[in-house]
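Below are the chains, spelled out letter by letter.
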Amino acid sequence: MPLVSSKALLLKAYEGNYAIGAFNVNNMEIIQGIIEGATEVNAPIIIQVSAGARKYAKQEYLRHLVNAGLESTDIPIALHLDHGEDFEICKACVDGGFTSVMIDGSKYSFEDNIRITKQVVDYAHEKGVQVEAELGKLAGIEDNISVEEKDAIFTDPDQAVEFVEKTGVDSLAIAIGTSHGAYKFKGEPKLDFERLEKIQAKLPGLPLVLHGSSSVPEDLVAICNNFGADIPGARGVPESMIEKAAKEYKICKVNIDTDLRLAFTGQIRKFLKENPSVFDPRKYLGPARNAIKEVIIRKIKILGSDGKA
Ligand code: G3H
Ligand code: 13P
Ligand code: ZN
């Protein structure tokens with residue numbers, strides 16, 4: 001099966017009250033682990049490539065690797081640009097066979113974010129490619145964040161309506177307390193579900209996206225730390241909150257990268273520490289690939305997309 005449109009996957013998820021896992025890739029083993037895991041539980045997935053991944057592995061390599069993966073599975077897979085920072089990178093991915101792109105204008109003013117997003121939407125839609133945009137800022141938050149601070153960082157529901165009307169985006173990434181990386185909360189993890197509900201009510205039918213959704217599971221961090229890593233005090237979004245966002249609050253796309261990195265690196269560290277005389281990359285990349293597969297299965301079950309392919 002060729003790559004599929006992410007919009008079709010997201011709309012189906014919206015109707016079915018589950019979320020599609022959107023997983024970041026940087027190399028062959030990560031791509032293989034993701035596809036093997038999703039195939040085992042029969043789930044549709046989005047494979048996404050960041051600007052950094054493009055720079056590291058080259059867009060063409062990643063696209064061809066994903067296309068190679070399609071030959072060994074029947075699950076629907078969409079290929080997505082993650083956090084495109086300008087029109088040019090989005091255009092390069094639209095022209096390069098991606099089925100959706102994200103334009104991330106969240107660092108700009110509201111007006112400039114609308115302008116740059118609309119430019120990408122006009123170009124991408126012409127070519128049948130869907131667009132995700134972001135409104136609000138993904139920042140690590142303190143336990144005692146004030147209402148004013150929250151309003152300045154998190155997505156404003158009324159602005160979200162105006163943004164979607166003026167840009168014609170197909171999906172919207174929102175800020176409700178998640179952030180990227182392994183250090184998401186200084187105090188207790190907390191997401192602004194009330195705000196999410198308001199955005200949802202004002203934009204019925206529009207798939208919403210949750211970035212920064214890694215849970216930084218203790219077991220994965222422990223494997224890294226037990227074998228030489230130094231990742232103290234890492235904290236993610238509890239799996240119960242991700243499940244709630246997906247199954248009760250109609251979040252349709254959930255972005256996960258950090259947990260894959262932890263799983264991959266943990267197994268490499270473990271293998272090399274336990275087998276100091278081995279230097280065949282296949283010997284340590286194989287277990288790392290298996291670890292990706294296991295994490296993917298665990299995530300997909302939390303999102304409720306298993307059996308939805
Ligand atoms: O949103 C960020 C993703 O985790 C990608 O990270 O820019 O280091 O590839 P990266
Ligand atoms: P994590 O860092 O929580 O995995 O988030 C990844 C992400 O949002 C990619 O766009
Ligand atoms: Zn992100």
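The residue numbering used here restarts from 1 in each chain and proceeds along that chain's sequence as written. Think of it this way: whatever chain is written first is A, whatever ligand is written first is 1, and the rest follow in order. Residue-level local features of this predicted model are given only where pLDDT is at least 70; pairs of side-chain atoms are given and counted only at 80 or more, and the full residue set underlies all totals for whole chains, interfaces and linings. Hydrogens and water are ignored here; the side-chain numbers use all heavy atoms of the structure.

(A) Geometry of the environment of alanine 152. Among the secondary structure elements, alanine 152 is positioned in helix α7 (residues 147–153). Residue exposure (1.4 Å probe, protein chains only): buried if accessible area is under 20% of the type maximum, exposed if over 50%, otherwise partly exposed. Classification of alanine 152 by relative accessible area gives exposed; the value is 59%. C-alpha of alanine 152 to C-alpha of glutamate 134: the two residues are 18 residues apart in sequence and 15 Å apart in space. In this text, helices come from DSSP runs of H or I with a minimum length of four residues, and strands from runs of E with a minimum of two, each type numbered from the N-terminal end.

(B) Broad picture of the site of ligand 1. Surveying the vicinity of ligand 1 reveals the residues Asn24, Ser50, Asp82, His83, His180, Asp257 and Arg261. Two N or O atoms form a polar contact when they lie within 3.5 Å of each other; inside protein one atom must be a possible hydrogen donor and the other a possible acceptor, and for residues adjacent in sequence the pair counts only when both atoms belong to side chains. Taking histidine 83, its side chain carries an N or O atom lying 3.3 Å from an oxygen atom of ligand 1. Here an oxygen atom of ligand 1 and a side-chain polar atom of arginine 261 are 3.0 Å apart. A 1.4 Å probe and the Shrake-Rupley method give the accessible areas. Residues count as covered only by the protein chains that appear here. Contact with the protein chains covers 67% of the free accessible surface of ligand 1, which is 310 Å². Taken together, the residues that form the shell around ligand 1 break down as no nonpolar, 4 polar and 3 charged. Summary of the distance rule: residues count as near a molecule or strand when at least one heavy atom falls within 4 Å of that molecule or strand. For this scheme, ten residues count as nonpolar: Ala, Val, Leu, Ile, Met, Phe, Trp, Tyr, Cys and Pro. Four count as charged, namely Asp, Glu, Lys and Arg, and the remainder, Gly too, count as polar.

(C) Expanded view of the site of ligand 2. Every one of the 15 residues lining ligand 2 counts as a neighbour, but Asp82, Lys184, Ser214, Asp257 and Thr258 are closest to it. Side-chain polar atom of aspartate 82 to an oxygen atom of ligand 2: 2.7 Å apart, as the coordinates give it. One of the side-chain N or O atoms of lysine 184 is found 2.6 Å from an oxygen atom in ligand 2. Calculation on ligand 2 without its partners gives an accessible area of 310 Å², and the protein chains cover 96% of this total. Broken down by secondary-structure element, the contributors of at least two residues to the shell around ligand 2 are β3 (77–84) and β8 (251–256). Grouping the constituent residues of the shell around ligand 2 by class yields 1 nonpolar, 11 polar and 3 charged.

(D) Representation of the environment of leucine 10 within the structure. Note that leucine 10 resides in helix α1 (residues 6–16). For the pair leucine 10 and isoleucine 45, spaced 35 residues apart in the sequence, the C-alpha separation amounts to 9.9 Å. Residues are treated as being in contact if the distance between any of their heavy atoms lies within 4.5 Å. With residues up to four places along the chain from it excluded, the contact list for leucine 10 reads Ile20, Ile46, Ser171, Pro207, Cys252 and Lys253.

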